[in-house]
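Architecture and fold: a report
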Amino acid sequence: MICFNVPPCTGNEMKYIGEAIASRKICGDGQFTRRCSEWLEKRFDAHKVLLTTSGTTALDMASLLCELQPGDEVILPSFTFSSSATAFVNYGARLVFVDIRPDTMNIDETKIEAAITDRTKVILVMHYAGVACEMDTILDIARRHHLLVVEDAAQGVMSSYKGKALGTIGDFGCYSFHETKNYSMGEGGAVLINNPAYVERAEILREKGTNRARFFRGQVDKYTWVDIGDSFLPSELNAAYLWAQLELADEINNDRLRSWQRYKDAFADLAAQGRVKLPVIPEDCVQNAHMFYLKCRDLSERTALIKYLRERDILAVFHYVPLHSAPAGLRFGRFAGEDRYTTAESDRLVRLPLYYGLTKEDQDRVITAVRDFYGV
Ligand SMILES: *Cc1c(COP(=O)(O)O)cnc(C)c1O
């Protein structure tokens, strides 16, 4: 069986988890959390990175920092993971869904402005498959309308747009270190605070509404309850696992990129004949090979392809059911403008197995099976 995903493991995980245990510090914000967040800050030139318990809670923190009032609106794509939406609905927001671009499957930046009302507070962008949204245009719209920009960069760790790391471009960025992501800690994530004005409040929200972080830096002499918050910090055991991945981040990235390019080359003829569509990486974007997908002719061809691969012990999977047509999406939001691409393009998309350590032999089996399906 060729799995769709295998969680990354580089070999040093047990050693670092053992070190965390031996140090008698297994709660949050110990040496491994510090190493990971400092690495992320340095590598991505990020102002402040705080590890969280998941990508979802990183989005929750970003949402809390936006200080939404009930009825405030958040513009986002409908083609995204539910967490991008839940984080805002949790705090009373209404969702306004905007169509995607068919080339990158990202929010169509040219359709955002028409969706803005006097209740709009936030633009949430999601960098699908680790390929950046058109951020210059989006930041310009946000600036002109005084909106905050949150990047759901859950899939975008190690990707960049015009030389800037994804997650560091908007006011807040959110990473996921779930086992299905390029770098993992089982369950975990990080919130990036790019606007320095929000750092102190972010630390307080993450520490259950207390000023514990300032206390440990010696900036206040009592540690006290000062605001709302929650416990958003992950255990050192998880951070130790993540450290083993970050240490080898380039090796993981290169391995994934190699597999991604092999898929792309293997299906180039099918794409040239118009039988399938392959992912597009715009010129300004450096991607991280989070995902390799094909787009079939339509839903029935995709269903047949998934079944064909399954019968050959290969797990290929489709992706998001558009949020605006989901029960909660109907309840909490509306679609602004026409759904020209969101539903149609998501119906065609199938993701192929891609993970760190995917062997050439296994990948060749996937490639051969897909080509057999198309009779080439
Ligand atoms: C994975 C993912 C999340 C959620 O991350 P978790 O760590 O699983 O909570 C949010 N948004 C997107 C786009 C994702 O891919």
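Structure first, text after, so check above.
The present account deals with the structure reproduced in this document. Only a predicted model underlies this, so the values are computations on that prediction, with no experimental measurement involved. Chains are numbered independently. Their residues run from 1 in the order of the written sequence. Whole-chain, interface and lining totals are the exception, using all residues; otherwise, since this is a predicted model, local features are given only for residues with pLDDT of at least 70 and side-chain atom pairs are given and counted only at 80 or more. Side-chain measures here rest on the full set of heavy atoms in the structure, leaving out hydrogens and waters.

A short note on the nonpolar core
Selection rule: Joining through side-chain atoms within 4.5 Å is the link that ties buried Ala, Val, Leu, Ile, Met, Phe, Trp, Tyr and Cys residues into a set, and such a set is a nonpolar core. Type-normalised accessible area, obtained with a 1.4 Å probe on protein chains alone, sets the label of each residue: buried when under 20%, exposed when over 50%, and partly exposed for intermediate values. In this text, helices come from DSSP runs of H or I with a minimum length of four residues, and strands from runs of E with a minimum of two, each type numbered from the N-terminal end. Any two residues whose heavy atoms approach within 4.5 Å at even a single point are treated as in contact.
In this structure, Leu 40, Leu 51, Tyr 175, Phe 177 and Tyr 183 are the most contacted members of the largest nonpolar core, which totals 55 residues. Looking at which element gives the most residues to this core, the answer is helix α8 (residues 236-246), with 7 residues. Apart from residues no more than four positions distant in its own chain, Leu 40 is found in contact with Asp 45, Ala 46, Val 49, Leu 51, Tyr 175, Phe 177 and Leu 246. Formed by 33 residues, the second largest nonpolar core is a distinct cluster that contains Leu 64, Phe 97, Leu 148 and Val 150.

Thoughts on the side chain of Gln 155
Basically, it comes down to this: Polar contacts, as counted here, are pairs of nitrogen or oxygen atoms within 3.5 Å of one another; within protein the pair requires one atom able to donate a hydrogen and one able to accept it, and residues that are adjacent in sequence qualify only if both atoms are side-chain atoms.
Turning to its location among the elements, Gln 155 is positioned in the loop between β5 (148-152) and β6 (160-161). Residue class for Gln 155 comes out buried when judged on its relative accessible area of 5%. At 2.9 Å, the side chain of Gln 155 and the side chain of Tyr 320 are in polar contact. The contacts of Gln 155, once residues within four sequence positions are left out, are Met 126, His 127, Tyr 128, Ala 129, Gly 130, Lys 181, Asn 288, His 290, Met 291, His 319 and Tyr 320.

So, the packing of aromatic side chains
This is how the line gets drawn: A pair of aromatic rings is counted whenever rings of Phe, Tyr or Trp (Trp by its six-membered ring) have centres within 6.5 Å, and the orientation is called stacked for planes under 30 degrees apart, edge-to-face for over 60 and tilted otherwise.
Summed over all chains, the structure comprises 18 aromatic pairs. Ring plane angle 85 degrees and centroid distance 5.9 Å describe the contact between Trp 39 and Phe 44, whose orientation is recorded as edge-to-face. Each of the two residues, Trp 39 as well as Phe 44, counts as buried. Look at Tyr 175 and Phe 177: their rings are 6.4 Å apart centre to centre, the planes differ by 70 degrees, and that puts the pair in the edge-to-face class.

Comments concerning the state of the cysteines
Test applied: The disulfide criterion is simple: two cysteine sulfur atoms within 2.5 Å.
If you walk through the whole model with that rule in mind, you get 0 disulfides. We note that Cys 9 lacks a disulfide partner, and the nearest cysteine sulfur, in Cys 36, lies 15 Å from it. Cys 9 gets classed as partly exposed once you look at its relative accessible area, which sits at 47%. Left unpaired, Cys 174 is separated from the closest cysteine sulfur, that of Cys 66, by 9.1 Å.

Some thoughts on the pattern of salt bridges
For clarity, the cut-off: Here, a salt bridge means any Lys or Arg side-chain nitrogen found within 4 Å of an Asp or Glu carboxyl oxygen.
All told, the structure shown has 29 salt bridges when counted by the stated rule. Of the charged contacts, one joins Asp 72 and Lys 121 as a salt bridge, the two residues approaching to 3.1 Å between their closest N and O atoms. One end of the pair, Asp 72, is in the loop between α3 (55-65) and β2 (73-77); the other, Lys 121, is in strand β4 (residues 120-126), with 49 residues separating them in the sequence. Under the relative-accessibility criterion, Asp 72 is labelled buried at 2%. Between Asp 255 and Arg 258 there is a salt bridge, and its shortest N-O distance comes to 3.4 Å. Here Asp 255 pairs with Arg 258, and both are found in helix α9 (residues 249-266), just 3 residues apart, close to one helical turn. On the accessibility criterion, Asp 255 (13% relative accessible area) is buried.

Here we look at the site of the ligand
Put simply, the rule reads: Residues are counted as near a molecule or strand when any one of their heavy atoms sits within 4 Å of it. Surface accessibility in these figures is a Shrake-Rupley result with a 1.4 Å probe; residues are shielded only by whichever protein chains are displayed. In this count, Pro and Cys sit with the nonpolar residues alongside Ala, Val, Leu, Ile, Met, Phe, Trp and Tyr, while Asp, Glu, Lys and Arg are called charged and the others, Gly among them, polar.
The environment of the ligand is formed by 15 residues, the closest being Gly 55, Thr 56, Asp 152, Ser 176 and Lys 181. The separation between a nitrogen atom of the ligand and a polar side-chain atom of Asp 152 is 2.7 Å. A distance of 3.1 Å is found between an oxygen atom of the ligand and a side-chain nitrogen or oxygen belonging to Lys 181. Protein chains shield 92% of the accessible area of the ligand, which is 380 Å² for the free molecule. No other element matches α3, which puts 3 residues into the shell around the ligand. By residue class, the composition of the shell around the ligand is 5 nonpolar, 8 polar and 2 charged.

Overview of the packing of α9 against helix α14 (residues 360-373)
Our working rule: Whenever a helix is involved, its axis is fitted only over the stretch in contact; in every case the axis is a line through C-alpha atoms, and angles between N-to-C directions fall within 0 to 180 degrees. Angles are sorted into four bins: roughly parallel if under 35 degrees, roughly antiparallel if over 145, roughly perpendicular if 65 to 115, and oblique for all others. By definition, turning the near helix anticlockwise from the far helix through less than a right angle yields a left-handed crossing, and turning it clockwise yields a right-handed one.
It is the contact of α9 with α14, at a shortest axis distance of 11 Å, that shows an interaxial angle of 25 degrees. Looking at the two axes, α9 sits roughly parallel to α14. The two elements α9 and α14 meet at a crossing, and its hand is right-handed. Taking contact as the criterion, the partners of Ser 259, Arg 262, Tyr 263 and Ala 266 in α9 are, on α14, Lys 360, Gln 363, Asp 364, Val 366, Ile 367 and Arg 371. Its residues assigned to classes, the contact of α9 with α14 comprises 4 nonpolar, 2 polar and 4 charged.

A short note on the sheet that holds β2
One key point about sheets: their strands pair by backbone hydrogen bonds, in either a parallel or an antiparallel sense. Applied cut-off: Strands were regarded as paired on the criterion that DSSP finds at least two bridges between them.
Taken in spatial order, the 8 strands of this open sheet run β1-β9-β8-β5-β4-β2-β3-β12, and their pairing is mixed. Lying at the two open borders of the sheet, with one neighbouring strand each, are β1 (48-52) and β12 (333-335). With strand direction ignored, the average angle separating the axes of adjacent strands in the sheet is 20 degrees. Here 5 bridges tie β1 to strand β9 (residues 189-193), and the two strands are oriented antiparallel to one another. Looking at the pairing, Val 49 lines up with Leu 192 of β9. This element, α3, spans β1, β4, β5, β8 (172-176) and β9 of the sheet and lies at about 165 degrees to β8.

Here's the deal with the side chain of Ser 54
Assignment of secondary structure puts Ser 54 in the loop between β1 and α3. Classification of Ser 54 by relative accessible area gives buried; the value is 15%. The contact partners of Ser 54, leaving out residues within four places of it in the chain, are Tyr 175, Gly 188 and Gly 189.

A short note on the sheet that holds β6
Pairing within the open sheet is antiparallel, and its 3 strands lie in the order β7-β6-β10. Single-partner strands in this sheet number two, and they are β7 (164-165) and β10 (285-286). For β6 and β10, the ladder comprises 2 bridges, and the chain directions are antiparallel. In the sheet register, Ser 160 faces β10, and the bridge partner there is Val 286.

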